[in-house]
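For reference, the chains in residue letters:
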Amino acid sequence: MTAKLPLAGFRILSAEQYGAGPYGTMFLAQMGAEVIKIEPPRIGDTARAVGPHFLRTGESLYFQSFNLNKRSLTLDLNTPEGKDVLRRLAASSDAMVNNLRGDLPERIGLTYAHLKDANPALVCAHLSAYGRDNERTRWPGYDYLMQAEAGWLSLTGSPDAPPTRAGLSLVDFITGTIMTIGLLGALLDAKRSGQGRDVDVDLLSAAIHQTSYPAVWYLNEGDVTQRVERSAHPSVTPSQMFRAADGWVFVMAQLPKFWDALVKRIERPELAGDPRFVTPADRLANRGALATILDGVFEQKPVSHWVELLAGHIPVSPVYGLDQALDNPYLETTRMIDTVSHPDREQLRVLASPIRFDGERLPNRAAPLLGADTDQILAEAGFDAIEITSLKEKGVI
């Protein structure tokens, strides 16, 4: 990408680990911000050790998923010297991010109150499990717990199956994204006003927020959304998986025009006039009968037949395994698979950013080795060679 990236010139410090925080700051790094990942000396981000797949250096492919385009600074924030280094770096930075346990930012000194003297315009973003201001502040927490408590498991899977979590860590990803949105909003205001602030997001609040319209239905009407067979939409049909001759196809005739197109293209026009299926309400009331009829149609041909027949006329998709999804030639068309150079693998394949500017995907580079940028970052901040050596000898960096 040749155009200037929109966050070029912004410096973001981030005391981050594992998934949610690093996922959010990676968007900032891909948009051109200098994201300095602060990691404990010797140990680093725990994500570096998450298996089962590792590069020759012993670093995990998992780590590469969340840390593209960043720089790595090793720094012990629990030492007085480490706190002093942080304050010097904060003076020339635009934001300080962390995704630590809720009580730790205050203890370590990562809040606006602690850092505003070094930089009044600094934005301090905090991503925790349960927030920093309540009885759960000291509780550790992870994505799966949030899915459980926020009701996601009760909404996922077949009605006769145990409560089921989403197959990916969606609460982590959503919370990281929301944190980034809040951070960018605060940065805009800080540039106008010269005044920074704290920005807080937490995993459970983000998970609850994603319950969206089922939440509003319950809060106002007492309607508890239930799981439906075949991953069907709770209030619209046909909008679900159907078994084809060689797999599954997902069909979403959400609107009347799509229902009309469906019955026409599968050559069952009589269904449109069937009194059980005339209106959306009729189809919902007779969901089981309609599904049985459509099952009889779809099971006669393979998935590829139905996708080719329906694509572009109604919303339709094959139900892929992860391998099929990532081998889909369409991803080459959209350039969603990228390649970066890593010291251990010249052609390391990674996911491209879903964001495009001027029609182009954002550039990527491999996640940094632990502490790879420590000396350079400190030198840029005005530390001389003697100071850097002293910090190393004390184990601060």
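A. Layout of the overall build of the protein chain. Scanning the protein chain from terminus to terminus reveals 19 helices and 13 strands. The principal-axis extent of the C-alpha atoms belonging to the protein chain is close to 85 × 50 × 40 Å. Considering the protein chain as a whole, with its 397 residues, one finds that 45% of them fall into the buried category. Considering only intrachain contacts with a sequence separation of at least 6, the fraction spanning at least 24 residues in the protein chain is 66%. In the form shown here, the protein chain has an accessible surface area of approximately 19,900 Å², with 55% of it arising from carbon and sulfur atoms.

B. Local environment of the sheet that holds strand E6 (residues 197-202). Overall, parallel pairing links the six strands, which are arranged E3-E2-E1-E4-E5-E6 in an open sheet. Strands with a single pairing partner mark the edges of an open sheet, and in this sheet they are strand E3 (71-74) and E6. The average angle at which neighbouring strand axes cross in this sheet is 20 degrees, direction not considered. As judged from the four bridges shared by strand E2 (residues 34-39) and E3, these two strands associate in the parallel manner. Looking across to E3, one finds that Glu-39 is bridged to Thr-74. Here helix H1 (residues 20-30) sits on the sheet in contact with strand E1 (11-15), E2, strand E4 (95-98) and strand E5 (123-128), set at roughly 155 degrees to E2.

C. Geometry of the sheet that holds strand E7 (residues 239-244). Pairing is antiparallel in the open sheet, where three strands are placed in the order E7-E8-E9. On the outer flanks of this sheet lie E7 and strand E9 (316-318), each paired with one strand and no other. Ignoring strand direction, the axes of neighbouring strands in this sheet form an average angle of 25 degrees. By the bridge criterion, six bridges tie E7 to strand E8 (residues 247-252) in an arrangement that is antiparallel. Bridged to Ala-244 within E8 is Gly-247. Contacts between helix H14 (residues 287-298) and the sheet are confined to E7 and E8, with E7 contributing the most and set at about 35 degrees to the helix.

D. The arrangement of helix H19 (residues 385-393) in detail. Measuring from the backbone nitrogen of Ile-386 back to the side-chain oxygen at the start of H19 gives 3.1 Å, which picks out Asp-384 as the cap. Looking one or two places after H19, you find Gly-395, whose phi comes out positive at around 75 degrees.

E. Main features of the nonpolar core. By size, the foremost hydrophobic cluster in this structure holds 31 residues, and its most contacted members are Ile-12, Leu-28, Val-123, Met-146, Leu-183 and Leu-203. For this core, the secondary-structure elements that each account for two or more residues are H1, E4, E5, helix H8 (170-193), E6 and helix H9 (203-209). No other element matches H8, which puts six residues into this core. Excluding anything up to four places from it in sequence, Ile-12 contacts Leu-28, Ala-33, Glu-34, Val-35, Ile-36, Ala-95, Val-97 and Leu-187. Membership of the second largest hydrophobic core comes to 27 residues, among which are Leu-73, Met-96, Ile-388 and Leu-391.

F. Representation of the side chain of Asn-99 within the structure. Among the structural elements, Asn-99 can be located in the loop between E4 and helix H4 (104-108). Here the side chain of Asn-99 touches Gln-17 through a polar contact of 2.9 Å, landing on its backbone oxygen. Discounting residues that sit within four places of it in the chain, Asn-99 has contacts with Ala-15, Glu-16, Gln-17, Ala-20, Gly-21, Pro-22 and Leu-127.

G. Seen up close, unusual backbone geometry. Going from Gly-51 to Pro-52, the amide bond is cis rather than trans, its omega being 15 degrees. Counting through the fold element by element, Pro-52 comes out in the loop between E2 and helix H2 (61-64). Each neighbour pair has its own omega, and for Thr-237 with Pro-238 the value is 0 degrees, a cis peptide bond. Its place among the elements puts Pro-238 in the loop between helix H10 (212-221) and E7. Unlike most non-glycine residues, Ser-231 shows phi in positive territory, near 55 degrees. Within the element layout of this structure, Ser-231 appears in the loop between H10 and E7. What makes Ser-231 partly exposed here is its relative accessible area of 49%. One non-glycine residue, Asp-358, lies in the positive phi region at around 55 degrees.

Reading the values: the criteria
- Residues numbered from 1 in each chain as written.
- Predicted model: local features only at pLDDT ≥ 70, side-chain atom pairs only at ≥ 80, totals over all residues.
- Heavy atoms only, no water.
- Helix = DSSP H or I, 4+ residues; strand = E, 2+ residues; numbered from the N terminus.
- Buried < 20%, exposed > 50% of the residue type's maximum accessible area, 1.4 Å probe, protein only.
- Contact = heavy atoms within 4.5 Å.
- Areas by Shrake-Rupley, 256 points an atom, 1.4 Å probe, with all protein chains shown as cover.
- Pairing = 2+ DSSP bridges.
- Axes fitted to C-alpha atoms, helices over the stretch in contact; angles between N-to-C directions.
- Polar contact = N/O pair within 3.5 Å; in protein donor to acceptor, adjacent residues only side chain to side chain.
- Core = buried A, V, L, I, M, F, W, Y, C linked by side-chain atoms within 4.5 Å.

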